[in-house]
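Given next are the chains, with one letter for each unit.
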Amino acid sequence: MSATADEKLETANWNLEPLVDDRGPEAVEAMLNESRARGEAFAERYRGRVDQLDSSELAEAMRELGAIHDLAGRAGSYAMLSFSLDTTDPERGARMQKASELAAGIQTQLLFFDLEWNEVPAEHADRLLEAEELGFCAHHLRTLRRYRDHQLSEP
């Protein structure tokens, strides 16, 4: 590479701030903690009763799941992309590791929903998926059910 190309590479940078609502690197852990707290509340509200939800409740649950994943995803992306800008910075590496650990915990916390959705009887699931209010997530829910014969239990 020429010196000019190296200089251009050195000055390349992304503006990652929109991912964390312009709150800087310290927002990563705060956003993941918020996502985890929302995940806990979600689990308290829906665990053990996914098969009892009507279409409006399922739509509400899916919107909340989307918001939880969006929050955690933006924080995790910020941490990963920030680290990729300077892989020698131990602070960035530690932030990325912490983000990965928190994100894995959130995923585990929410796993019950997919598993319980796949236990909903086919006739009930089909009726729910016909509801207009689930149009925004029906494809995702149908896709989850494609693998229900191959899913393991939560433990």
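Residues numbered from 1 in each chain as written. Predicted model: local features only at pLDDT ≥ 70, side-chain atom pairs only at ≥ 80, totals over all residues. Heavy atoms only, no water.

Here helix H4 (residues 90–119) is 30 residues long and its end C-alpha atoms lie 44 Å apart, about the 44 Å a rise of 1.5 Å per residue gives. Taken residue by residue, H4 has Arg 95, Ala 99, Leu 102, Ile 106, Gln 109, Leu 110, Phe 112, Phe 113, Leu 115, Glu 116, Trp 117 and Asn 118 as its buried positions. Looking at the buried side of H4, the elements it contacts are helix H2 (27–46), helix H3 (55–85), helix H5 (122–129) and helix H6 (138–146). You can read the cap of H4 off the contacts: a side-chain oxygen lies 2.9 Å from the backbone nitrogen of Glu 91, and it is on Asp 89. (Helix = DSSP H or I, 4+ residues; strand = E, 2+ residues; numbered from the N terminus. Expected span 1.5 Å × (residues − 1). Buried < 20%, exposed > 50% of the residue type's maximum accessible area, 1.4 Å probe, protein only. Contact = heavy atoms within 4.5 Å. Polar contact = N/O pair within 3.5 Å; in protein donor to acceptor, adjacent residues only side chain to side chain.)

All chains considered together, the criterion is met by four aromatic pairs. For the pair Phe 42 and Tyr 46, a centre-to-centre distance of 4.7 Å together with 45 degrees between the ring planes defines the contact as tilted. Linking Phe 42 with Tyr 46, this pair stays in helix H2, spanning four residues, or about one helical turn. A residue is classified by how much of its surface remains accessible, and Phe 42, at 2% relative accessible area, is buried. Taken together, a centroid distance of 6.3 Å and an interplanar angle of 85 degrees make the contact between Phe 112 and Phe 113 edge-to-face. Grouping aromatic residues by their ring pairs yields a cluster made of Phe 42, Tyr 46, Phe 112 and Phe 113. (Phe/Tyr/Trp six-rings, centres within 6.5 Å; stacked < 30°, edge-to-face > 60°.)

When H5 is considered as a whole, its buried residues turn out to be Ala 125, Leu 128 and Leu 129. Here the buried residues of H5 occupy an arc of 95 degrees about the axis, which is enough to place them on one side. Seen from the open side of H5, the exposed residues pointing more than 90 degrees away from its buried face are Glu 123 and Arg 127. On the buried face of H5, the contacting elements are H3, H4 and H6. (Arc of directions from axis to C-beta.)

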